[in-house]
Structures are given as structure tokens and as C-alpha cells.
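One-letter residues, chain by chain:
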There are 2 protein chains.
Amino acid sequence: MDRLTPALADAAEAMARALAGFLPRMDGPERRVVEAMAYATLNGGKRLRPFLVLNSAQLFDVPRARALRAAAAAEYVHCYSLVHDDLPAMDDDDLRRGKPTTHIQFDEATAILAGDGLLTFAFELLGDAPTHPDGAVRAELVVALARAIGAEGMVGGQMFDLRAEDMRLSLADITRLQAMKTGALFRFSCEAGAILGQAPADARTALRDYARDLGLAFQIADDLLDHEGTEAEVGKKVGKDAAAGKGTFVSLLGADEARRRARSLAEQAASHVDRFGPNADLLKDVARFVVERRA
Amino acid sequence: MDRLTPALADAAEAMARALAGFLPRMDGPERRVVEAMAYATLNGGKRLRPFLVLNSAQLFDVPRARALRAAAAAEYVHCYSLVHDDLPAMDDDDLRRGKPTTHIQFDEATAILAGDGLLTFAFELLGDAPTHPDGAVRAELVVALARAIGAEGMVGGQMFDLRAEDMRLSLADITRLQAMKTGALFRFSCEAGAILGQAPADARTALRDYARDLGLAFQIADDLLDHEGTEAEVGKKVGKDAAAGKGTFVSLLGADEARRRARSLAEQAASHVDRFGPNADLLKDVARFVVERRA
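In short, a report on the structure. (Residues numbered from 1 in each chain as written. Chains lettered and ligands numbered in written order. Predicted model: local features only at pLDDT ≥ 70, side-chain atom pairs only at ≥ 80, totals over all residues. Heavy atoms only, no water.)

**Some points on the overall build of chain A**
For clarity, the cut-off: The way it works is that DSSP assigns letters per residue, a run of H or I at least four long becomes a helix, a run of E at least two long becomes a strand, and they are numbered from the N terminus. All radius of gyration figures rest on C-alpha atoms, and the globule criterion is 2.2 Å times the number of residues raised to 0.38. The classification of residues rests on relative accessible area computed with a 1.4 Å probe and restricted to protein chains. Under 20% of the type maximum is buried, over 50% is exposed, and intermediate values are partly exposed. When checking whether two residues touch, look at their non-hydrogen atoms; a contact exists if any pair is within 4.5 Å.
Helix and strand counts for chain A stand at 15 helices and two strands. At 18 Å, chain A has a C-alpha radius of gyration in line with the 19 Å of a compact globule built from 295 residues. Reported as C-alpha extents along the three principal axes, the dimensions of chain A are approximately 50 × 50 × 35 Å. Looking at chain A residue by residue over its 295 residues, the buried ones come to 59%. Considering only contacts in chain A between residues 6 or more positions apart, those separated by 24 or more positions represent 74%.

Structure follows, in C-alpha cells:
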């Protein structure tokens, strides 16, 4: 992991600057919503999705300023989804990465609006001219993001998850749920670089396959953390899935088999990007990292 | 108003079909979110924003199938904003056009997700190829919508409005608040036709000016309805602004002067589209209609 740690830290730092820099400056009473958007975004997250955008873009020599915009869009969307998921009517979480969630720090109405504002802003960033000189590329990014996070993607996955309490889910159900809820945004993050680089179809397929395996490995690792981690380590409540009677990869497979599968998926993800040679080394490293992380 | 009534009814009917037709068909437990999206959308609304899109597009001979997509995007966004504004943490409304609001009919979590899904879907619709063969036009629509409804537009206006309780607002404050909260989406609706028609800058300016005056007239009329209408007529709670101690156009100007201003703004709106000749007759009619409506 030696080369990954500094690369992740560099990307996280660049992203924190970009995420703060893109947000509009505002006066008047309405600036509270941008303060909440900034609070929700500038939270010391790992910035995994931006890392995937930046590193997939590098495979196709995409100029960094363009890749940063798509990376920021993916992260704004991720942060919006956390803000809305944490609301009392949804998962009702007070704590996120060890800090008060947005509706605790501000209030519920502001948190709803901040999420709406972040989601909207992601599309503005992608659609606007500096993202790519070709409008068709910008429109393609917009559509790829919208499909990944709408009713057939992340939003549908969250709906599925809310209804999954007290349902008896099979492994196939959980896999489909997670592909929608978290996998689709990973896929967008990996494809965004290929879209920006106007990469050939087979390269896009390879990145999509990488993202699918990575996303599933990530989610199994998440279930393991929820099962085994402590609140102090993970920075949010743990053991909630079991308490809610939700089936997870761990409850269905057992912890040992779940861990074995996550590792095997990470290797499979890495193999999909072999074709890109050493340029894809960091993508391979990060697939292994998501399985072994402690938070 | 003779020619307006059937034109509004025709457009509303075409929109109801389009709004239902564009939404994705889904199976599985997640289909509940699309059911809520449909419920929030297919509500017998006046479809003013789509009407503006369709009629501004007609000025530039935009093919109807393209205009319908932009019109639907504007209406999905309007409906998402109602769903989120009606939530208990926001305006806490149980009734909308005489029917239970989405969080009453479903539940709060589903309403939050349905709003998120509608917002996301609007961008997918605009960005996707059938909206216009030129990707730059699609990207421009995306950016115009995002700017209209983000932190510097509708979302910021709603934040401003929530903070306006117990603030002493001047007429200038209320005008700015309403320009953000409701005016910006009217402006997008009027500009969308010009963007789709790749209209020259002066035509776009005329439509923007029309939209500004129309939006303000609309809001003053809304305040008058809140002040004078009955719940049965208006289809939602009335008198809420006064109860919340909020300044409105009516509280600052008095009902008679407010009505006079609204009518004068409607005439001013109409004058901005004189340049388009008889093709703009329905746009002129609708500006007068928003002032005289009873709901």
C-alpha cells in the first residue's frame, strides 16, 4: 500500500480545495444553505469516488482541471446522499465521521435543502463549459450521473433498503440492492474518466466491470465493519443492520466467508484493469484497500 | 381569455400524458419510490411552467417532442419542490390541491426520496439525446435549470423564506426572495424554448424580461389568494403567511395596491413579447391569467 497512501492523501487534499472552491459565494439570509452544503462536504471523508474519477481519467490523459470537476460532482452527490440518508425520517443518524450530522449541526429543513442544493450543483458542474469543450461529452456525463443516482440507481436502492427491514432477502437481493444503493455511483465515478477521455467502448466496459466488483467488495467490507468495528473506529453507529433485522452479506455468509469473498472480488476488480498496464496500479491498489480498511 | 382556456387544458392534458410516460417502469420493492414520484406529479396541477416552455418553444419552431421533454423537466422540478416544501420539517402541509401531500399519502422517507428522484430525473430528461441533437444545447439546458433551482435560485429562495419568519422584510427583500424562490423556475421555463430554438440573444432577453415580470405578478397574486381565498377554493391552507408573521406583498402594500401592481406587471410582461407578434398571444394571455386566477 506504500504508493497508495500518499496518492489517496494527495487526492483528498486536492478535492477538499476543489470542493470548497467550486461552491458559490453568497450573502443574505440564504447563505445558510451554502454553509450547510460546505459543512456536509468538507468533512474529512476518504474521497474514494473522486479518487476513482481522477485515476480513471488519467488512463486517457484527461486534463486534470476537467477531471477535478467530474470528481467534485461525484463527491457532492455522495455527500448529498449522506445528508438525506441521515435525516430522522430515514436512518436517523446523529453522528457521521465523528461529527454531528448536518441536520444536527443546522436543522432538518436546512439539511433537506442543502442536500437538494448539492445534488443540483453536481449537475451544474458537469454541464458547464469548463468540464469539456464538447457539449455532447458534458451531456453524456449528466445522463450517466442521473441514471446512476435516480430511481433506477441510488435513490431506488435507498428505497429498497428502507423496505428491506423485516424482509427475507436472498444473496441475490442484497447484491442487487447494493449495486443500486452504492454500486451505481462507483460505476459513474469509474466511467466518468472514460467519458471525459472519449475512450473506446471496450475500455469503458473494462472500467464498468472493475467498478461493479469494487462496489460489491466495498459493501461487503462495510457490512464487516458494521459487524466487527467499534463506533470510535468507524466514526458512526455500528451494529444497526443487525438491530434492524436486516439481512447483510455477513448475516447470510458469515464473517469469514464474507471477508474471503470481498478479497476475491477485489482481485477480480484489479484483473479487469490489467489491460491498462502500470497506469492502473493505483486503481488496483484501491480495490484491495477498500476491503482492508478499518473505517 | 377565450383562446387561453382550451390552450391551457390541451397543454395540461398533453403534459399529464408526457409526465406519466417518461417516468421509468420498475419492479421490486423500490418501485414504491416511482409510485410516489407519479403521485406527486400526476396531481391535476395547472402546468403553468410546461405551458410556458411549450409556448416559448413555439416562437422558434421547436419540434414538439423536444419541447415536451423540457416542459416535463420543469414540471418534475416544480413537483419535487412541492414535495420537499410540504415536509413536516419545512412548511408542514398535509393538503395540496385538495389531496393528501406525498409524505401523508406515503411516508416522510419515501417523500424525501421521491423528491430526490424527480429532481434527478429532470436532469436525465434534459441531458438525453432526444431532447436535442446538439449536445451543447442539452448541456446548456442542464446548466440553465441547475442555476435556476440551486442555492442561488429556488433552493436559496426557500432557505431565505424559512429564515424570513420574524424578520422585517422590505419590499426589495420580498422581491428578491420571490425572484429566487419562484421566479427563477419561471425564467428557466421561458428561456428553455429559446435555448432549444437556438434563438438570438435579444429574443432570449425579451423572454427573460417577460418571465421576471410574470413571476412577480404570479407571486403577488399568490399572496392575494393566501390573504383572501378560502381553503376550499385554493386547495391548500390559507392565511399561513400572516400567522407566521411573514411580510408579504399584501401586508406591505395593502390588497388594493398589490392587485394594481400585479395587473400592471402582467401588462408589462405582455409588452416584452410584443416583438414576436401574434405568436406570443397565448404568452400575453397567460400573464393576465396568473393575476386573475382563483386558485
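**Focus: the interface of chain B and chain A**
To keep it simple, the criterion reads: Defined here as a combined quantity, buried area equals the accessible surface (1.4 Å probe) lost by two parts on assembly, summed across both. Salt bridge, as used here, is a side-chain nitrogen of Lys or Arg placed within 4 Å of a carboxyl oxygen of Asp or Glu. Any N or O atom pair separated by 3.5 Å or less is treated as a polar contact, with the protein-specific requirement of one donor-capable and one acceptor-capable atom, and with residues adjacent in sequence counted only for side-chain atom pairs. Just so you know the grouping, Ala, Val, Leu, Ile, Met, Phe, Trp, Tyr, Cys and Pro go in nonpolar, Asp, Glu, Lys and Arg go in charged, and all remaining residues, Gly too, go in polar.
Taken together, the contact between chain B and chain A spans 50 residues of the former and 50 residues of the latter. Roughly 4,100 Å² is buried in total at the junction of chain B and chain A, and carbon and sulfur atoms are behind 72% of that figure. Put simply, chain B and chain A have six salt bridges between them. Between R176 of chain A and E30 of chain B there is a salt bridge, with the nearest N and O atoms lying 2.5 Å from each other. Where chain B packs against chain A, one counts nine residue pairs in polar contact (both at pLDDT 80 or more). Contributions of two or more residues to the side of chain B that touches chain A are made by α2 (31-41), α4 (64-85), α6 (108-127), α7 (135-149), α8 (154-163) and α9 (171-196) of chain B. At 12 residues, the largest contribution of residues to the side of chain B that touches chain A is made by α6 of chain B. Taken together, the residues that form the side of chain B that touches chain A break down as 28 nonpolar, 10 polar and 12 charged.

**Focus on the environment of L225 of chain B**
Within the secondary structure layout, L225 of chain B lies in helix α10 (residues 201-228). Along the chain, L225 of chain B and L145 of chain B lie 80 residues apart, while their C-alpha atoms are 28 Å from each other.

**Concerning the nonpolar core**
Rule in force here: Residues grouped as a nonpolar core are buried Ala, Val, Leu, Ile, Met, Phe, Trp, Tyr and Cys residues, joined through side-chain atoms within 4.5 Å.
Judged by nonpolar contacts, the single largest core of 213 residues is most densely connected at Y210 of chain A together with Y210 of chain B. Setting aside residues no more than four positions away along its own chain, Y210 of chain B makes contact with L52, C190, A269, A270, H272, V273, L283, V286 and A287 of chain B.

**So, the state of the cysteines**
Defined as follows: Cysteine sulfurs are considered disulfide-paired once they come within 2.5 Å of each other.
Per the counting criterion, the structure on display carries zero disulfides over all chains. A disulfide-free cysteine, C79 of chain A has its sulfur positioned 17 Å from the sulfur of C190 of chain A, the nearest such atom.

**Here we look at the relation of the copies chain B and chain A**
Rules: Our superposition of the copies is a least-squares fit, built on the C-alpha atoms of residues whose pLDDT is at least 70 in both.
Of the transformation placing chain B onto chain A, the axial shift is 0.0 Å and the rotation is 180 degrees, giving an RMSD of 0.0 Å. Taken together, these values place the two copies in the relation of a two-fold axis. Comparing interface residues between copies, 100% of those in chain B also sit at the interface in chain A, which points to an isologous, same-surface contact.

**Quick look at the packing of helix α2 (residues 31-41) of chain A against helix α6 (residues 108-127) of chain A**
Residue and element names in this part refer to chain A. So the rule is basically this: Here an angle of 0 to 180 degrees is reported between the N-to-C directions of two axes, which are lines fitted to C-alpha atoms, with helices fitted over the stretch in contact. An angle counts as roughly parallel when it lies under 35 degrees, as roughly antiparallel when it exceeds 145, as roughly perpendicular when it falls between 65 and 115, and as oblique in every other case.
For the pair α2 and α6, interaxial distance at closest approach is 9 Å and the crossing angle is 75 degrees. Here α2 lies roughly perpendicular to α6, going by the angle between them. Counted together, R32, V33, A36, M37, A40 and T41 of α2 and T110, L113, A114, G117, L118 and F121 of α6 form the full contact between these two elements. A class-by-class count of the residues in the contact of α2 with α6 yields eight nonpolar, three polar and one charged.

**Focus: the side chain of K284 of chain B**
Residues and elements named next belong to chain B. Topologically, K284 is positioned in helix α15 (residues 281-292). Overall, K284 belongs to the buried group, its relative accessible area being 14%. When neighbours within four sequence positions are excluded, K284 is seen to be in contact with A270, V273 and D274.

**Quick look at α2 of chain B**
Taken across its 11 residues, α2 of chain B has nine buried, putting it largely inside the fold. Packing partners of the buried residues in α2 of chain B comprise α8 (154-163) of chain A together with α1 (4-22), α4, β2 (99-100), α5 (102-105) and α6 of chain B.

**Remarks on the packing of helix α7 (residues 135-149) of chain A against helix α9 (residues 171-196) of chain A**
Helix-helix packing: each pair is described by the crossing angle between the helix axes and the interaxial distance. Residue and element names in this part refer to chain A. Remark: α7 packs on α9, axes separated minimally by 9 Å, with the N-to-C direction vectors making an angle of 170 degrees. With respect to their mutual orientation, α7 and α9 come out roughly antiparallel. Across from V137, E140, L141, A144, L145, A148 and I149 in α7, the residues of α9 making contact are A184, L185, F188, A192, I195 and L196. Partitioning the contact of α7 with α9 into residue classes produces 12 nonpolar, no polar and one charged.

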